[in-house]
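# Summary of structural features
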Amino acid sequence: MNKVVLTGIKPTGIPHIGNYFGAIRPAIEMSNNPEYDGYFFIADYHALNFIKDPNELKELTKLVACTWLACGLDPKKVVFYRQSSVPEVTELNWILNNVTSKGLMNRAHAYKASVDRAISEGKDPDFYVNMGLYCYPILMAADILLYNTKLVPVGLDQKQHVEMARDIAKSFNKTFGYTFVVPSELISEDVAVVPGIDGSNKMSKSHGNVIPLFCSEEELKKYIMSIKTDSTPVGDPKSVECTLFKLYRLFATEQECMKMAAKYQAGIGWAEAKNELFIAANNYLKPMREKYNYYMSHYDEVLAILEAGEKKARKVAKETLQRARTAIGL
Ligand code: TRP
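All figures in this text were calculated on a predicted structure; none of them were measured in a lab.

### Remarks on the site of the ligand
Around the ligand, a shell composed of Leu6, Gly8, Lys10, Phe41, Ala43, His46, Tyr136, Met140, Asp143, Ile144, Val152 and Gln158 is seen. Contact between the ligand and lysine 10: an oxygen atom at 3.2 Å from a side-chain N or O atom of the residue. Within the side chain of glutamine 158, one N or O atom sits 2.9 Å away from a nitrogen atom of the ligand. Relative to its free-state accessible area of 370 Å², the ligand is covered by the protein chains to the extent of 92%. Among the detected pockets, the ligand sits in the largest pocket. Elements represented by at least two residues in the shell around the ligand include exactly strand 1 (3–9) and helix 8 (136–146). Sort the elements by how many residues they give to the shell around the ligand and helix 8 lands first, with four residues. Broken down by class, the residue content of the shell around the ligand amounts to seven nonpolar, three polar and two charged.

### Structural notes on the packing of helix 10 (residues 217–225) against helix 13 (residues 270–297)
Here helix 10 crosses helix 13 at 145°, and the two axes come no closer than 10 Å. Seen from above, helix 10 lies across helix 13 with right-handed handedness. Taken together, the residues of helix 13 that come into contact with helix 10 (itself represented by Glu217, Leu220, Lys221, Ile224 and Met225) are Lys274, Asn275, Leu277, Phe278, Ala281, Asn282, Leu285, Lys286 and Arg289. Here the residues of the contact of helix 10 with helix 13 sort into seven nonpolar, two polar and five charged.

### Some remarks on the packing of aromatic side chains
Going through the model one piece at a time under the given rule, you end up with 19 aromatic pairs. Aromatic pair tyrosine 20 and tyrosine 284: ring centres 6.1 Å apart, planes at 75°, arrangement edge-to-face. Of this pair, tyrosine 20 sits in helix 1 (residues 17–31) while tyrosine 284 sits in helix 13; the two residues are 264 residues apart in sequence, bridging distant segments of the chain. Residue classification places tyrosine 20 among the buried residues on the basis of a relative accessible area of 5%. Through a chain of ring-to-ring contacts, three or more aromatic side chains come together here, namely Tyr20, Phe21, Phe251 and Tyr284. Sitting above the plane of the tyrosine 128 ring, arginine 117 keeps its charged end 3.9 Å from the centroid.

### Here we look at the nonpolar core
If you look at the biggest cluster of nonpolar residues, it comprises 62 residues, and the most contacted ones within it are Ile17, Trp68, Phe80, Phe251 and Tyr264. Ranked by the residues each element gives to this core, the list is headed by helix 13, at 11 residues. The two domains that each donate at least three residues to this core are domain 1 (3–192 + 299–328) and domain 2 (214–292). For phenylalanine 80, the contacting residues outside a window of four places in its chain are Ile9, Phe40, Ile42, Ala65, Trp68, Leu69, Leu73, Ile305, Leu306, Gly309 and Glu310. One finds Leu6, Ile144, Ile168 and Phe180 within the second-largest nonpolar core, a separate group that totals 45 residues.

### Some remarks on the layout of surface pockets
Of the voids in this model, the largest pocket is the one considered here, and its volume is about 1700 Å³. Surrounding the largest pocket, 49 residues form its lining, Asn19, Ala23, Gly155, Asp157 and Gln158 being those nearest its centre. Those elements that place two or more of their residues in the lining of the largest pocket are strand 1, helix 1, helix 3 (54–70), helix 8 and strand 4 (151–153). Considering each element in turn, the lining of the largest pocket owes the most residues, nine residues, to helix 1. A class-by-class count of the residues in the lining of the largest pocket yields 27 nonpolar, 15 polar and seven charged.

Calculation criteria
Residues numbered from 1 in each chain as written. Predicted model: local features only at pLDDT ≥ 70, side-chain atom pairs only at ≥ 80, totals over all residues. Heavy atoms only, no water. Near = heavy atom within 4 Å. Polar contact = N/O pair within 3.5 Å; in protein donor to acceptor, adjacent residues only side chain to side chain. Areas by Shrake-Rupley, 256 points an atom, 1.4 Å probe, with all protein chains shown as cover. 1 Å grid on protein atoms, 1.4 Å probe; cavity = no way out; pocket = protein on both sides within 12 Å on 5 of 7 lines; lining within 4 Å. Sits in = over half its atoms within 2 Å of the grid points. Helix = DSSP H or I, 4+ residues; strand = E, 2+ residues; numbered from the N terminus. Nonpolar A, V, L, I, M, F, W, Y, C, P; charged D, E, K, R; others polar. Axes fitted to C-alpha atoms, helices over the stretch in contact; angles between N-to-C directions. Left-handed = near helix turned anticlockwise from the far one by under 90°. Contact = heavy atoms within 4.5 Å. Phe/Tyr/Trp six-rings, centres within 6.5 Å; stacked < 30°, edge-to-face > 60°. Buried < 20%, exposed > 50% of the residue type's maximum accessible area, 1.4 Å probe, protein only. Lys NZ or Arg CZ within 6 Å of the ring centre and 35° of its normal. Core = buried A, V, L, I, M, F, W, Y, C linked by side-chain atoms within 4.5 Å. Domains from an automatic or database assignment. Points joined across faces, edges and corners; volume = space filled by probe spheres on them.

Purely geometric numbers; function is a separate question.
Printed below as a string of structure tokens:
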């Protein structure tokens, strides 16, 4: 049997180039590995914790679904669905609540960060904490265990959550007999680091230094033209350690990079370097952008894909849930 690899995608914002190279592309590459059965879902139940506007939730779900399909996620190879269309996960969540100690949740980084923030602002420690946040890791464990997941590819920020899912699975299995596959996190060491357009070393929404993945050609150009450079004049050699070159490297082939490095050495002007970056980025993104625009204006097709995914996901979910129910005597 193939190993199940599962990942949840939080619909938090408009996907940017940092998300693409850091998370989307590596996950899609993994989904093409025939040794894995991939489950990819939009974590809309989790999103309820920070999105309180129904239209925003719908819109972000749409953006994210269209983005992943445009980037090449193949729904024939993986099960692609919305978390909330498999309500079995909430029943499993409830069952898992009862083998999860409060102490384990007390140690969760995201919860602790909220408490620290409230304390530093002189507020009640639980000021920012609703139960959705507090129990977030249990729902995530339910996501993972429901599909017999072996591997969960995540960034370092989610490592603790997968460890908790493992603890919860073990605790259940110990009490009620072997029921759940015990999952492990899969942390990729060599994910691309994408610098921000402000010259800082990480592109991130919270730093406000992103280039949206699927903005229009004109906007892409504007973003690239706004990238901070130093005052080295035309004709002087330029370092390939600058933001412009680091971004160029993501979009260009090895050979193109070598040629460009020679141009930098020969003193290319920043305006021309930016233009070269724009051309490379636009060539790379254009076919995906076209697919994205197609899906955005044919969302019914995307919904049909998600519904087909839901059917496959629910079949497995029902089996696992039944196993858990039987194990505990329901
Ligand atoms: N918590 C993850 C994030 O913040 C999203 C997520 C929800 C997830 N359920 C999951 C990731 C299960 C992996 C497995 O990005």
